Amino acid sequence: MKITIFGTGYVGLVTGACFAEAGYQVMCVDIDKEKIERLKQGIIPIYEPGLDRVVKENYAAQRLHFSTSAGEGVAFGEFQFIAVGTPPDEDGSADLKYVLAVAEEIGRHMEQHRIVIDKSTVPVGTADKVRAKISSVLAERKVDLTFDVISNPEFLKEGSAVADFMKPDRIVIGADSPANAERMRELYAPFNRNHDRLIVMDIRSAELTKYAANAMLATKISFMNEISNLAERLGADVENVRIGIGSDPRIGYQFIYAGCGYGGSCFPKDVQALARTASTIGYEPRLLNAIEAINQDQKTRLFELVSRHFDGAGNLRGKVFALWGLAFKPNTDDMREAPSRVLMEALWAAGARVQAYDPEAMEETQRIYGAREDLVLMGTKEAALKGADGLVICTEWKGFTAPDFAVMAQQLKQPVIFDGRNLYDPSRLQAKGWTYYGIGRGASCKRDN
Ligand code: UDX
């Protein structure tokens, strides 16, 4: 079986590399010439554990191919995956121009039957649009060819994308015929051993499943962040509450960590896109709107804590802050919608400077912000502390969880930590003479009602 993947972003590249790893012939197509050239040289555009090896080995073994030619891609695979971006439009809805451009190329170049699979996260109804686009191009060409459209949303997490793809917890297939579902079952057989992880349903339900999954996870986080805001005002510790409620298996321990807000390419975009879909069909998405609003507020919490500690944003001019963690989460260099950006931009607006360290995302930070006087990227987490007025933590990288607090206290001008990921025990730090602010950590964050 031969597979073509359009788009070499997170989803496309991981999907292509992992199918090749399973032994299939795979061609990854992207319109970005430079990206494709670099991939051929073994330069991977993103930091993603394990991806480097899978791409290089399968490229060397000639199972994984790269091309900028849509025609070549359409001719190559019986299975044509669409895994291009769906960036938010001005109004928050998903922009389908890249998805439909691929559909058009498929219609233009196909010479035999093709199975077209939507892998990108796309609004309900997109499969119909893809089908209509291909049909109209075929009609223009006056050719009589058949094709199928299938929805197969991807649930991989950045930072563990390869592992998630190789050992999925589910493979959702939206198909309009048992025969199509069967082809997908065959395709995914290498990833579906031991017990059946394939969930087959109609196309629209599959499309909605992806949004519902992300919105549900985002709900858990925003809910917990709301509880953390209550905990601060009530003198309770959200970390105790988390353990207390997580022990109920109906709630579970996962995704109930309060913090400085969720980021990344999916949650903010998908929650907004689903809310937008709801509005356009005349349904007011009250919960979805609240999830996103809470998250936007939450991203300003660290700055609030910092300015409160220094008696107002007006006193931050000329201050220097050490920042640990730039990426939106650990094990990635992705800065999309990262809470660190909201914090840095607020500190800069108040006239403060930032000395930042991140194990992977510094190059990306440099690319986004360029050279500026109020941002210095430091080679180690210790170097970032030197002469700073306080430490702010935005990402829970493993290397940050057990630092040497005595050494840290010597580097900082004053021993104060604003911890957006609740990494430390407030009472232990307070006993060592630190001023410690977490998110929703009871007395340490108590604010006036
Ligand atoms: C998410 C989904 O998990 C994945 O299934 C989907 O395919 C794409 O979107 P990802 O964006 O890689 O994956 O990140 P995820 O691990 O879900 O974290 C998202 C954000 O939520 C991060 O900023 C993280 O720090 C934050 N988060 C997560 C919390 O603030 N609290 C939590 O309890 C969990």
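Residues numbered from 1 in each chain as written. Predicted model: local features only at pLDDT ≥ 70, side-chain atom pairs only at ≥ 80, totals over all residues.

1. Notes on the site of the ligand
Thinking step 1. As a structural note, the neighbourhood of the ligand is formed by 19 residues, with E158, Y257, Y262, G264 and C266 the closest of them.
Thinking step 2. Here the shell around the ligand takes 3 residues from helix α9 (residues 203-234), the largest share from any one element.
Thinking step 3. Looking at side-chain class alone, the shell around the ligand contains 11 nonpolar, 4 polar and 4 charged residues.
Thinking step 4. Here the shell around the ligand spans two domains, since at least three of its residues come from each of domain 1 (2-201) and domain 2 (220-445). (Near = placed C-beta within 6 Å. Helix = DSSP H or I, 4+ residues; strand = E, 2+ residues; numbered from the N terminus. Nonpolar A, V, L, I, M, F, W, Y, C, P; charged D, E, K, R; others polar. Domains from an automatic or database assignment.)

2. As for the sheet that holds strand β9 (residues 320-324)
To summarise the sheet geometry, strands pair through backbone hydrogen bonds and adopt either a parallel or an antiparallel arrangement.
Thinking step 1. The strand order across the open sheet built from 6 strands is β11-β10-β9-β12-β13-β14, with neighbouring strands paired in parallel fashion. Each of the sheet's edge strands pairs with one partner strand only, and the pair in question is β11 (375-377) and β14 (435-437). Ignoring which end each strand starts from, the neighbouring axes of this sheet average 20° apart.
Thinking step 2. Sheet analysis places β9 next to strand β10 (residues 353-357), joined by 5 bridges and oriented parallel. Of the residues in β10, the one forming a bridge with V320 is R353.
Thinking step 3. Strands in contact with helix α13 (residues 301-309) are β12 (390-393), β13 (416-419) and β14; relative to β13, the strand with the most contacts, it is inclined by about 155°. (Pairing = 2+ DSSP bridges. Axes fitted to C-alpha atoms, helices over the stretch in contact; angles between N-to-C directions. Contact = placed C-beta atoms within 7 Å.)

3. Quick notes on the domain arrangement of the chain
Thinking step 1. Along its sequence, the chain is carved into domain 1 (2-201) and domain 2 (220-445).
Thinking step 2. Put simply, the middle of domain 1 and the middle of domain 2, counted by C-alpha atoms, are 34 Å apart.
Thinking step 3. In this assembly, 14 residues from domain 1 lie in contact with 15 residues from domain 2.
Thinking step 4. Within the side of domain 1 that touches domain 2, the residues separate by chemical class into 7 nonpolar, 4 polar and 3 charged.

4. Quick word on unusual backbone geometry
Thinking step 1. Even without being a glycine, D311 presents a positive backbone phi close to 60°.
Thinking step 2. Tracing the chain through its elements places D311 in the loop between α13 and β9.
Thinking step 3. Even without being a glycine, N331 presents a positive backbone phi close to 65°.
Thinking step 4. Positionally, N331 belongs in the loop between β9 and α14 (339-349).

5. Structural notes on helix α10 (residues 238-246)
Thinking step 1. What α10 keeps buried is the set V238, E239 and R242. What you see down the axis of α10 is that its buried residues fit within an arc of 105°, all on one side. Across α10 from its buried face, at more than 90 degrees, point the exposed residues N240, I243 and G244.
Thinking step 2. Residues of α10 that are buried in the fold lie against α9. (Buried ≥ 20, exposed ≤ 12 C-beta atoms within 10 Å, placed from the backbone. Arc of directions from axis to C-beta.)

6. Some remarks on the UniProt feature "binding site: NAD(+)" (unreviewed entry) in the chain
Thinking step 1. Under the UniProt annotation, the feature "binding site: NAD(+)" (unreviewed entry) is placed at D30, K35, T86, T121, E158, K269 and R336. For the residues just named, distributed over 307 residues, the greatest C-alpha separation reaches 24.1 Å, placing them at more than one site.
Thinking step 2. You can see D30 is positioned in the loop between β2 (25-29) and α2 (33-40).
Thinking step 3. With residues near it in sequence (within four places) discarded, D30 still touches G7, T8, K35, I36 and T68.
Thinking step 4. Structurally, T86 is set in the loop between β4 (79-82) and α5 (97-109).
Thinking step 5. Ignoring sequence-local partners within four residues, the contact set of T86 consists of A94, D95, L96, V99, S120, T121 and V122. (UniProt positions renumbered as here; feature names shortened; annotations may be inferred.)

7. A few points about the packing of helix α1 (residues 10-21) against helix α3 (residues 51-60)
Describing two packed helices takes the angle between their axes plus the distance from one axis to the other.
Thinking step 1. Look at α1 against α3: their axes get within 9 Å of each other, and the N-to-C directions meet at 60°. As summarised for this structure, α1 and α3 are arranged oblique, according to the angle between their axes. Handedness of the α1/α3 crossing: left-handed. Residues V14, A17, C18, A20 and E21 of α1 touch α3, and the partners they reach there are L51, V54, V55 and N58. (Parallel < 35°, antiparallel > 145°, perpendicular 65-115°, else oblique. Left-handed = near helix turned anticlockwise from the far one by under 90°.)

8. Looking at the nonpolar core
Thinking step 1. Counting 121 residues, the largest nonpolar core has V14, A17, I82, F321, L323, L391 and V392 as the members making the most contacts within it.
Thinking step 2. Ranked by residue count, the leading element in this core is α9, at 9 residues.
Thinking step 3. Beyond its immediate sequence surroundings of up to four residues, L391 is in contact with A322, W324, L385, L412 and I417. (Core = buried A, V, L, I, M, F, W, Y, C linked by C-beta atoms within 7 Å.)

9. Observations concerning the environment of N422
Thinking step 1. Positionally, N422 belongs in the loop between β13 and α18 (426-431).
Thinking step 2. The spacing of N422 and K2 is 420 residues in sequence and 47 Å in space, taken between C-alpha atoms.
Thinking step 3. Non-local contacts of N422, meaning those with residues more than four positions away in its chain, are made with E239, A258, G259, G438, I439 and R441.

10. Some remarks on the pairing of strand β5 (residues 114-118)
Two faces, one strand: in a regular strand the side chains alternate between the faces of the sheet.
Thinking step 1. Among the 5 residues in β5, 4 count as buried, and that is most of the element.
Thinking step 2. Two strands pair when backbone bridges link them, and β4 and β5 are joined in this way by 4 bridges, in the parallel orientation. Bridge pairing in β5 places I82 opposite D118.
Thinking step 3. The β-α-β motif built from β4, the intervening α5 and the parallel element β5 has right-handed crossover chirality.
Thinking step 4. Where β5 lies against strand β6 (residues 147-151), 5 bridges are found, and the strand directions are parallel. Counterpart to D118 in the pairing with β6 is S151. (Right-handed = clockwise from strand over helix to strand, strands pointing away.)

11. Brief notes about the confidence of the model for the chain
Regions with low pLDDT carry predicted coordinates that are not meant to be interpreted in detail.
Thinking step 1. Taken over all residues, the pLDDT of the chain has a mean of 96, while the share at 70 or more is 98%.
Thinking step 2. Two numbers describe this predicted complex: its pTM, 0.94, and its ipTM, 0.92. (pLDDT = per-residue confidence, 0-100.)

12. Observations concerning the pairing of strand β8 (residues 198-201)
Thinking step 1. Bridge count for strand β7 (residues 171-174) against β8 is 4 bridges, and the pairing is parallel. By the bridge assignment for β8, I171 is matched with L198.
Thinking step 2. In this view, the connection linking β7 to its parallel neighbour β8 by way of helix α8 (residues 178-187) has right-handed handedness.

13. Comments concerning α3
Thinking step 1. By the burial criterion, the buried members of α3 are L51, V54, V55, N58 and Y59. Down the axis of α3, the smallest arc covering the buried residues is 115°, so these residues share one side.
Thinking step 2. Considering only its buried residues, α3 is in contact with α1, α2, β3 (64-67) and α7 (161-166).
Thinking step 3. The first or second residue beyond α3 is Q62, which carries a positive phi of 60°.

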